[in-house]
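Here are the chains, one letter per residue:
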Amino acid sequence: MRPGPRNLVALAGGAVGVLALLDAGPWRPGWLLFKQNRLVEGDALPAFGADPGAAGLLLALWLAVALVALLPWRGRAWLLAALASTALVVALASVGGAARELMDGAPPSARVSLLGGVWLTLLACYVALFGAVDDAPRRAATRLLLPVPGLLGAVWLVAGGALGELGLARELAGQGGDFRAELARHLALAGTSLLMACLIGVPAAIAAARRPGVARFVLPSAGFVQTLPSLALFGLLVAPLAQLGQRLTVAGAARLALLGLLPLLLLLALRRWPRAATAPAWGWLRGLLLLVPVAPGALLAVIAAVVVNGLLAALLGGGAVPRWPAGDAPLATLGVRGIGSAPALIALTLYALLPIVRNTYTGLTGVPRAATEAGLGMGMSPRQLLLRVQLPLALPLVVDGVRAAAVLTVGTTTVAYLIGAGGLGVFIQRGIDQVVPDLVLLGAVPIILLALLADLLLRGLGRALTPHGVREPAPREPGSVGA
Amino acid sequence: MIRFESVSKRFGDVLAVDDVTLHVPEGELVVLIGPSGCGKTTCLKMINRLVEPSAGRVLVNGRDVAHEDPQALRRGIGYVIQSVGLFPHLSVKQNVQVVPSLLGWPERESARRADELLAAVGLEPATYRDRYPRELSGGQQQRVGVARALAVDPPILLMDEPFGAVDPLTRERLQDEFLELQQRLRKTVVLVTHDIREAVKLADRVCLMNGGRIEQYATPEELLRRPRNRFVRQFVGSDRALTRLSRIRVSAVMESAAALDVRASVEAAEAALATNVSLYVTEDGALVGWLMLPALREAGSVQEGYTPLAPHQALTPSDDVREALSRMLELGVANLPVVDRSGRLVGQLGLEDVVTMTAPTEDAPGAAGGA
């Protein structure tokens, strides 16, 4: 693919980058804010006030980005990526250096905060890198590597402590081990919910794609739960979960779950009996046998989610490894309580369902009719058709649904602290309570980075799982196409 | 081989197939034809149980298909559909291997079989086996579809408008190739189409359907020469005489042609032209042109006097007569030479021969000589 005449995305990035540096008239994004302590009003420094040399260099870089974006040149993607990456590293290094200068000799309670200009600069880097990736040939596997050097540079600066004197870093140090623990909880909650949503959503969508009756129920349901406010959902879940946790023992829950599985086993046995499928009551019987295990299945799912979440959090450093309780202990000891991770996991799983269900359903029903008809006509069983034809063709869309759900879940997990499940939302709330913007950022910035990372990883996975024959056109040499 | 016994199919209030009784003999190619909604595709799909009859029985090899396991039944019957239905995520080779892999063939054997079949349908295995359907033309996809249906060498082949989705030129070629293949393999084929010319060209027998019923089940000659009722007559068209010609090969009706070697003397040529208005001129048996008396006299030698003829102005024995007639009308001549593949003159076809042959007598001898 030849590059378009202009790269408007990168041009926009360059423009934002220039705007971030300017400080004139009513437009005062500022660069750094210096306060003697958390409570007093501080002094806002413009970019050219904080570090004139770096600001000049950044201005030159952004102007170069804008200029290059206007040139229809083949190597443009690489040059844009290089310029934006340099800008990212220069901006971070200059902010760190300026903060160190400001903090030199200042009291320990003093804080240097980032102002709009720096955030705009980071936004400009993101936009320009995005534009660079967009510019690279679609089929080049290397296009996703374009932003990597810049990101590595940023990571290197952060890890090396270059930004250590910023308020954000100070707050991080002030929270001690809390940050690591809440980050682990956040990841565990989001990861477990996503896993549960996949385990429930994909089979539900497969059933929906096979039977219009199921689709009429599943698709609106998945859409409906998305409209529930999270706070209301938490409120609704507190009482029943609390009851469940106190009334039911661990062993009782296990018995209930096993009992619920019996109808499923019966159903499987009946299916092996060929005459069963022709019996007039078969449809009703099957519906009944499938409906009975729903409640025990849901209970089992909640217990499994709570346990997996606990193990995952412990593994990531967010608490002790949970102990398996005695059989006669109430279910609450396992974590199934009115507050804590159980309601959070339920709510997050429900929210993550819609993108997964919808994409899987769309993918499966979008498989060309000719392919399914040919498959059946050649003697594939419905299961073989699903595994050999429908799922492989739907897979890219399924993964895209999981990607959307992952980005959504990482963000939504922020509210989990409301029901006592922890997560990075804790710092946001703490920051709001104590009027410390840097503390709010301590929660918000990692959430944004996690969402971007999840997006990137799952995009790559989606590409890798796209069957070769259905990728974007790979043109053959012209002579080879004939009757 | 395949037998329909009083088969009916009802979709809601619509009677799609109404009491059809039909026998498809082993090794024959039977075409189901009729206007849209006449029940032809429904009949086809009842053979491999993609559709279940509401009444009556469908027998394959004497066994009621209703008692067979549908998946096992379908794996033993080749199936080609109009839109080809190749699996876009599988390579050409993997597409051909689908049924063998369902049957658990070892990979080596099914790979060898795939190569063999690709070659049989005219696709060089080394070039095409690793391509994906999207990288093939419509005609190539259709060939892969046929190869895929033949993968486990099923005795029966069901084809639902197999040549419908390609351009007319490619369609002709695919039809010719399929006929050739069928002459070798002698499968029992049931083919659905709505194109009467395709039916006449390919079929051993044609089953013309309308409103779920069979209007006439006969050989193409019979159908064209003796349409049983008004519907059949209308469906086969007022140009059915021409349609019939498309089944007849030039080789069946051509007659010997008078020819003169290019090195013959003027005297010999004049003698020969006393009995013929014109002569074909050959050089070592290969057709080079034609000669008439005035031109010979004016030029003074055969060499100088003959009118050269380009190879495409001659017919080949495998052309059909309809095409030959069209060529005559186009060139404005009443005779055309017939040459074999190496350009040797093997005979000629005259307009009178064609006319006598198509004369609507009940026992016209020429018509029975069709291919």
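The rules we used
- Residues numbered from 1 in each chain as written.
- Chains lettered and ligands numbered in written order.
- Predicted model: local features only at pLDDT ≥ 70, side-chain atom pairs only at ≥ 80, totals over all residues.
- Helix = DSSP H or I, 4+ residues; strand = E, 2+ residues; numbered from the N terminus.
- Buried ≥ 20, exposed ≤ 12 C-beta atoms within 10 Å, placed from the backbone.
- Contact = placed C-beta atoms within 7 Å.
- Core = buried A, V, L, I, M, F, W, Y, C linked by C-beta atoms within 7 Å.
- Axes fitted to C-alpha atoms, helices over the stretch in contact; angles between N-to-C directions.
- Left-handed = near helix turned anticlockwise from the far one by under 90°.
- Nonpolar A, V, L, I, M, F, W, Y, C, P; charged D, E, K, R; others polar.
- Pairing = 2+ DSSP bridges.
- pLDDT = per-residue confidence, 0-100.

## As for the overall build of chain A
Counting its secondary structure elements, chain A contains 18 helices and three strands. Taking the principal axes of the C-alpha coordinates as reference, chain A spans close to 85 × 75 × 35 Å. Taking all 483 residues of chain A together, the buried fraction comes to 42%. Within chain A, contacts between residues separated by at least 24 positions form 79% of all contacts whose residues are at least 6 apart in sequence.

## Side note on the interface of chain A and chain B
On the chain B side, the residues contacting the 22 residues of chain A number 27 residues. Contributing elements (two or more residues each) for the side of chain A that touches chain B: helix H15 (369-377) and helix H16 (382-412) of chain A. Among the elements that line the side of chain A that touches chain B, the one with the most residues is H15 of chain A, at six residues.

## Let's talk about the environment of Pro355 of chain A
All names here are of chain A. Structurally, Pro355 is set in helix H14 (residues 341-365). Given 23 C-beta atoms within a 10 Å radius, Pro355 is considered buried. Excluding residues that lie within four positions of it along the chain, Pro355 makes contacts with Gly401, Ala404, Ala405 and Leu408.

## Some points on the environment of Pro154 of chain B
Among the secondary structure elements, Pro154 of chain B is positioned in the loop between helix H7 (138-149) and strand S7 (156-160). Note: C-alpha distance between Pro154 of chain B and Lys40 of chain B (114 residues apart in sequence) is 22 Å.

## Re the nonpolar core
Ranked by size, the top nonpolar core spans 209 residues in total, and within it Leu32, Val65, Leu80 and Ala84 of chain A together with Val31 of chain B carry the most contacts. Top element by residues in this core is helix H8 (residues 178-210) of chain A. It accounts for 16 residues.

## Some remarks on the packing of H15 of chain A against H16 of chain A
The description of two packed helices rests on the angle between their axes and on the distance between the axes. All names here are of chain A. Relative to each other, H15 and H16 sit at 150°, their axes nearing to 10 Å. H15 and H16 meet at a crossing whose hand is right-handed. Contacts between H15 and H16 involve Ala371, Thr372, Gly375 and Leu376 from the former and Leu385, Val389 and Gln390 from the latter. For the contact of H15 with H16, a count of residues per class yields four nonpolar, three polar and no charged.

## As for the sheet that holds strand S3 (residues 111-114) of chain A
Residue and element names in this part refer to chain A. As summarised here, the arrangement of the three strands in space is S2-S1-S3, forming an open sheet in which the pairing is antiparallel. Because the sheet does not close on itself, it has two edges, and the strands there are strand S2 (43-45) and S3. Sheet twist, expressed as the mean angle between neighbouring strand axes with direction ignored, is 25°. In terms of strand pairing, strand S1 (residues 32-35) meets S3 through four bridges, oriented antiparallel.

## Some thoughts on the sheet that holds strand S4 (residues 55-60) of chain B
Residue and element names in this part refer to chain B. If you trace the four strands from one edge of the open sheet to the other, you get S2-S1-S4-S5, paired in antiparallel fashion. Strand pairing shows two members of the sheet lacking a second neighbour, strand S2 (14-24) and strand S5 (63-64), which therefore form its edges. Bridging between S4 and S5 involves two bridges; their strand directions are antiparallel. Bridging across to S5, Leu59 finds its partner in Asp64.

## Focus: the confidence of the model for chain A
Taken as a whole, chain A shows an average pLDDT of 86; of its residues, 94% reach a score of 70 or greater. Contacts of residues 473-483 of chain A to residues separated by more than four positions or lying in other chains number nine contacts, the stretch itself having pLDDT below 50.

## Some remarks on the packing of helix H11 (residues 250-271) of chain A against helix H12 (residues 282-291) of chain A
Residues and elements named next belong to chain A. One way to put it is that H11 packs onto H12 with a least axis distance of 8 Å and a crossing angle of 145°. When H11 is examined against H12, the residues Pro263, Leu266 and Leu267 are found in contact with a partner set consisting of Arg286, Leu289 and Leu290. The residue inventory of the contact of H11 with H12, partitioned by class, reads five nonpolar, no polar and one charged.

## Some thoughts on unusual backbone geometry
Residue and element names in this part refer to chain B. Phi angles above zero are rare outside glycine, and Asn61 is one such case at about 55°. Tracing the sequence through the fold places Asn61 in the loop between S4 and S5. We classify Asn61 as partly exposed; it has 13 C-beta atoms within 10 Å. For Asp284, which is not glycine, the phi torsion reads 50° and is therefore positive. When you line up the elements, Asp284 lands in the loop between strand S12 (278-283) and strand S13 (286-292). Judged by C-beta crowding, with 9 C-beta atoms within 10 Å, Asp284 ranks as exposed.

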